[in-house]
Each structure stands twice: as C-alpha cells, then as structure tokens.
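For reference, the chains in residue letters:
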Amino acid sequence: MHWISLPEPRKNIALAFHDPVSAKAWLATQPQAQPMHMLSAVSLQIEAIDALALTPALAVELLNLLRTAAVPAQESIEPRYIRKALPMLDDDQRTFDVAQRLWLRLGTAYLRLAPHFGGAEKTGLLHRSACALRMAEYCHFLAARECPALLDHLLFAILDQAERDGLLRHPLPDPDFPHFGETTVAGHLAWAFTLRLVDPYRLSAAQLTVANRALSRWRELAGFQSMPDDDPGGHSVDLARLFGAPLPEGMPRWLDVHRITRKINQRIAALKAGDSPETLKLGRELSAAACIRLLRDIETSLESHVTKQNTEIGEIELAFGPEYAYAAFTGEMIVQNGALDANSPSLAHQRTAMFGFDRVSTMPTAVKKLNVPGENWLLVDGKAIRPADRKGGRRQSPCLIASTSLGAPRLGVMIGLHSIPGGALASDLRWYEERIEACRLARPATPGHAAPIVPAFLLQDSDECSLIVPSNAAIRLDSGVTVAGASVSHLVTTEVLERGVDFVRYAITRQ
C-alpha cells in the first residue's frame, strides 16, 4: 500500500484503560443514556489505541470491545442527521461529525493493524475495517455531505491487501451485526462501491434506505476482476471512475455486477406481478411503483458508459417551491392565506373590468413588476453551487424550482443537493422539457373562507401528460382532478411518477 498514507491519529490522547478488564470497567461508567457523549468518548479512545505502541493483539481486543459498545449508540443517533435541510443546524452537524469520525477512526485503526497478522486474523481485521469505512461513507450519504476521496481510497487499500493475500472471499460472522449473516471483505467492498456508483445524493431518504437495504442483500453477488467480462451476458463496471485516477498496479479494476442486475430484473418482474416490496425484502418505505422506478435507476447507474456532462456556466436565479414557481410563470403571488397577491395581473384585470381602472396600480407606491423571491446560484460545468457567503434558505432535495434567467420561465427539480467543503451547497438541476402550463387546482371554498389557491403545473409532451402539485395537495390515485387556467380541465391521476420534498408528479389521462 505504498500509494496511500493512512490518516495519522493524534498523539496527545490519554488511554483510559490498559487491558480488556479495565476497558470493560471504563465502558460501564460511560453514560449509556447519552449516546453522543458516549460515542465521543469511545472515538477518542479508538484514536488513543491507534496512536500508542500497544501489542497488536491487545490493540485488536480493545478495539473490538469499543466497537461492540459503539454500534447500538450509533444506531440511536443516526436519525438526528438523516437528510436534514442544508446547511445543517449546529446540533445536527455535531451528531454527524461524531458518527462519521468514529467509523473513520475505527476503520483506519483496524487497517493499520492488519499487516501485523496473517490468515484468519488478518481477514477479520480487513473485514472490520471495510465494514467501518463503508459505514463512514454511509454517514455522508445520509447527511447529504460530500464524501471525501480519502474514504474511497481507504476502501481501495483494503481491496489491494485482500486481493494480494487471497482473503477477499473468506466468509465470517459478525457478532455486532448478526442480521448480516456471514459476510466477506469482498461483500462489504462491493456493497460500498455499488452504493457509491448509484450516486446516493440523488436519492430521497426513503430511496436511499431501500437502495442500501437491497445492495446489502446482494453484496456477495458481485465479483472483482482484473479484466472486463467479455461474455455478452456479462456486466462489468470500471472502478477507476471511483478511484479518480489510474488504479495501482495489481488491483482489480472491474466489478462484475451481472448477478446483481439479474436480481434487479427479477424484483421488477415480481413487483409488476403483484408482489409487495415488503415480501421481496425491500421494506415498507416505498410503494411497488416507486420501488420499480428506483430499481431501474440503480440498474442504469451501474452501467459503465460515461454520460455527457452539462457544461453550462454562469449565474442563475432560482425560485423554490410550487408557490414561487407558479409566480414565476404567471406573475401571481400566492400569499400565506392561499389568496392571490393584491398586485397580481389577474386581479388587476378583474378590477379594471369591474371599475374601469386598476385602483391599486394607480397608487404611487404600487409595484409595477412582480419580483419573485429567489436565490442566486453559480453554474460550474452544469452543477449548481451556492457559495457559503451567499444568503439563502435551508434546502432539501429533490425540490421544485423555477427560473427565468434565460428569459422564458423554466420548471425543474433540484436533485442531489449536498454540502461540500467550505460550507457551500452543490446540486444538479434537471429541467422539464415538456410544454408547461401553470394552473390551479379547483377547490371549493369552505364556509366563511375564500377558495384556497393551490398551484399546479400541467406538463404535455405529444400524447403524454403529467401533473405537478404540492406534496400536501391530498390528491389520490385514480381520482378525478379539476384544474383551472389550463387547456385541459378534467383529469384522472393514474400513477405517481416522481415525488419530492415539496411536490408530487402524477401521470394523468384526460377525462
């Protein structure tokens, strides 16, 4: 592993124990009901063990004790940083830092000790290192924080060692994760690499959970190869795109995933035949239709072809959410109570028709042009960046956006939003190419209240139509929907095509 230098631990941390007995006594004094404090203390002790010149056997035994204590505490804090709005609040940020740091330090400590052993002992250390570093990466995906290249390189370092010593495929049980059954070093690495290839930042929290669960079950089906499979039925993925540079000599470059894609196709067929996601071990988070879309996206992501990169550069102003997107298309601002803003063009037209003049627009303080609240983002090679020093709201993706930066309004989705070093936010923007009509859901007024204004967008492409509504619009599948202000007024929803944090897109038919 001459091509990588392992992160060095700090040398000034005092070890709180000296053998397994005193380590167990120390763990018993830790605040079990305060997992953050406990994990912070455990993480420091892992770093102390990594820095001290203990005998390798003693160091491994102490690390194993700390690992066993950390697993349940880590599971309890995980929900605190899963896909929170970005930038993260300080408390959420600290929780993520504690979790990620613990797994990184544990994985590094096991990896540093591995060369001191051989055979089964070395297999176990590489196995635990791969598991810990995979979990460190997963912390980044859960928190929508950019995963540093260091973590990828450490996983490749494990692949290098295990391949050279013939230890990739030795199955081992893991008492700290009994639900995994027997796993191998290759299995943990394949699990980490396939999830990375899926581009997990583009997935919602529910999609990420299902994708991670599925790939964990199929981890042992992948194979590492020095050459791509020349079998027409084969399917090999080039791992160099994850490494970011030519792989060191002797390391397997290709990951054979044809058995995983076969499983994906089997699951899709079963879902279409009526099996539930839960029956197929995919969980309850997504509907059958949503699981089918996710599985197809995973299969596409595992293709080796290089997608054409967007090279758009410059600055773009983005409006967020269905209400502001509606305003960008119509010039009508929907205010908090659901009514249209008094200065909207449609209300001005109604006043003119009734009174012969627009009484609001003749006032000296009248606003002649609607300014839709937005944020200025930078486009760098097609990726949207909001620098840390630019003001803006806390954001989650996928979310609905609109922009008039090119003149005519565009409707799209911000996907893959994540934090990058320095506090900036980065994301991809996907624009709808269909013809778009901004409209409103026709909703009856309740006694004593005006009819609510619910924005909607009708997307038409040849004979296909879809409808985008706010996520809280309470529309049911296979039900009639009436819209106002569009070329079509009576619709029936047939399928959920897309779901974001603030919108849902339905396939529709015309009544």
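Look a little higher up for the structure.
The following refers to the structure shown. This one's a predicted model, so the numbers in the text were calculated from it and none came from an experiment.

Observations regarding the overall build of the chain
- Tallying secondary structure elements over the chain gives 13 helices and 15 strands in all.
- Projected onto the principal axes, the alpha-carbon positions of the chain cover approximately 90 × 55 × 45 Å.
- When contacts within the chain are restricted to residue pairs at least 6 apart in sequence, long-range pairs at least 24 apart make up 65% of them.
- When the accessible area of the chain is evaluated, it comes to approximately 24000 Å², of which 53% is carbon and sulfur surface.

As for the packing of helix 3 (residues 56-77) against helix 4 (residues 90-113)
- Close contact between helix 3 and helix 4 brings their axes to 11 Å; oriented N to C, the two are set at 155 degrees. Classified by the interaxial angle, the pair formed by helix 3 and helix 4 is roughly antiparallel. Seen along the crossing, helix 3 lies across helix 4 with a hand that is left-handed. Along its contact with helix 3, which presents P56, A59, V60, L63, N64, R67, A70, V71, Q74 and I77, the element helix 4 presents T95, A99, L102, W103, L106, A109, Y110 and L113.

Notes on the sheet that holds strand 9 (residues 424-431)
- If you trace the six strands once around the closed barrel, you get 4-5-6-9-8-7, paired in antiparallel fashion. Geometrically, the sheet is characterised by an average inter-axis angle of 45 degrees between neighbouring strands, direction not taken into account.
- Relative to strand 9, strand 8 (residues 410-420) runs antiparallel, the two sharing seven bridges. Looking across to strand 9, one finds that M414 is bridged to L429.
- Sheet strands in contact with helix 12 (residues 321-330) are strand 4 (314-320), strand 7 (399-403) and strand 8, and its direction is about 20 degrees off that of strand 7.

Comments concerning the pattern of salt bridges
- This structure, assessed with the given rule, holds 29 salt bridges.
- A salt bridge links D428 to R202; the shortest N-O distance between them is 3.3 Å. Of this pair, D428 sits in strand 9 while R202 sits in the loop between helix 7 (185-197) and helix 8 (205-217), placing them 226 residues apart in sequence.
- Given a relative accessible area of 36%, R202 falls into the partly exposed group.
- E495 is paired through a salt bridge with R293; the nearest N and O atoms lie 3.9 Å apart. Taken together, the residues span a long stretch of sequence, with E495 in strand 14 (residues 490-499) and R293 in helix 11 (residues 288-301) at a distance of 202 residues.
- Taking relative accessible area as the criterion, R293 reaches 22% and is therefore assigned partly exposed.

Focus: unusual backbone geometry
- Cis geometry marks the peptide bond from L86 to P87, where omega comes out at -5 degrees.
- If you trace the backbone, P87 turns up in the loop between helix 3 and helix 4.
- Looking along the chain, the bond that leaves S397 and enters P398 is cis, with omega of 0 degrees.
- Take P398: it is sitting in the loop between strand 6 (383-386) and strand 7.
- Within the chain, A474 stands out as a residue other than glycine whose phi angle is a positive 60 degrees.
- For A474, the location among the structural elements is in the loop between strand 12 (464-470) and strand 13 (480-484).
- Overall, the relative accessible area of 71% leaves A474 in the exposed class.

Here's the deal with the nonpolar core
- Ranked by internal contacts, the top residues of the largest apolar core, which has 123 residues, are L189 and F193.
- No other element matches the 13 residues that helix 5 (residues 119-143) contributes to this core.
- Residues in contact with F193, not counting those within four places in the same chain, are L155, F156, L159, F224, L239, L242 and L255.
- Ranked by size, the runner-up nonpolar core spans 18 residues in total, among them C439, V454, L467 and I475.

Side note on helix 7
- For helix 7, which comprises 13 residues, the first-to-last C-alpha distance of 18 Å matches the rise-based estimate of 18 Å (1.5 Å per residue) to within 8%.
- Remark: D199 follows helix 7 within two positions and exhibits a positive phi of approximately 60 degrees.

Regarding the packing of aromatic side chains
- One pass over the full model with this rule turns up eleven aromatic pairs.
- A centroid spacing of 5.3 Å and a plane angle of 85 degrees characterise the contact between F180 and W191, whose relative ring orientation is edge-to-face. Here the residue F180 occupies a position in the loop between helix 6 (149-164) and helix 7, and W191 occupies one in helix 7, the gap between them amounting to eleven residues. You'll find F180 and W191 in the same group, each marked buried.
- Their ring planes at 80 degrees and their centres at 6.2 Å tell us that F193 and F224 sit as a pair that is edge-to-face. Of this pair, F193 sits in helix 7 while F224 sits in strand 1 (residues 223-225); the two residues are 31 residues apart in sequence, bridging distant segments of the chain.

Focus on the packing of helix 5 against helix 8
- Here helix 5 crosses helix 8 at 155 degrees, and the two axes come no closer than 10 Å. Between helix 5 and helix 8, the angle is such that the two are roughly antiparallel. For the element pair helix 5 and helix 8, the recorded crossing hand is right-handed. Side by side, helix 5 and helix 8 meet where Y138, F141 and L142 of the first sit next to L208, T209 and N212 of the second.
- When the residues that make up the contact of helix 5 with helix 8 are grouped by side-chain class, the tally is four nonpolar, two polar and no charged.

Conventions used here
Residues numbered from 1 in each chain as written. Predicted model: local features only at pLDDT ≥ 70, side-chain atom pairs only at ≥ 80, totals over all residues. Heavy atoms only, no water. Helix = DSSP H or I, 4+ residues; strand = E, 2+ residues; numbered from the N terminus. Contact = heavy atoms within 4.5 Å. Areas by Shrake-Rupley, 256 points an atom, 1.4 Å probe, with all protein chains shown as cover. Axes fitted to C-alpha atoms, helices over the stretch in contact; angles between N-to-C directions. Parallel < 35°, antiparallel > 145°, perpendicular 65-115°, else oblique. Left-handed = near helix turned anticlockwise from the far one by under 90°. Pairing = 2+ DSSP bridges. Salt bridge = Lys/Arg side-chain N within 4 Å of Asp/Glu carboxyl O. Buried < 20%, exposed > 50% of the residue type's maximum accessible area, 1.4 Å probe, protein only. Core = buried A, V, L, I, M, F, W, Y, C linked by side-chain atoms within 4.5 Å. Expected span 1.5 Å × (residues − 1). Phe/Tyr/Trp six-rings, centres within 6.5 Å; stacked < 30°, edge-to-face > 60°. Nonpolar A, V, L, I, M, F, W, Y, C, P; charged D, E, K, R; others polar.

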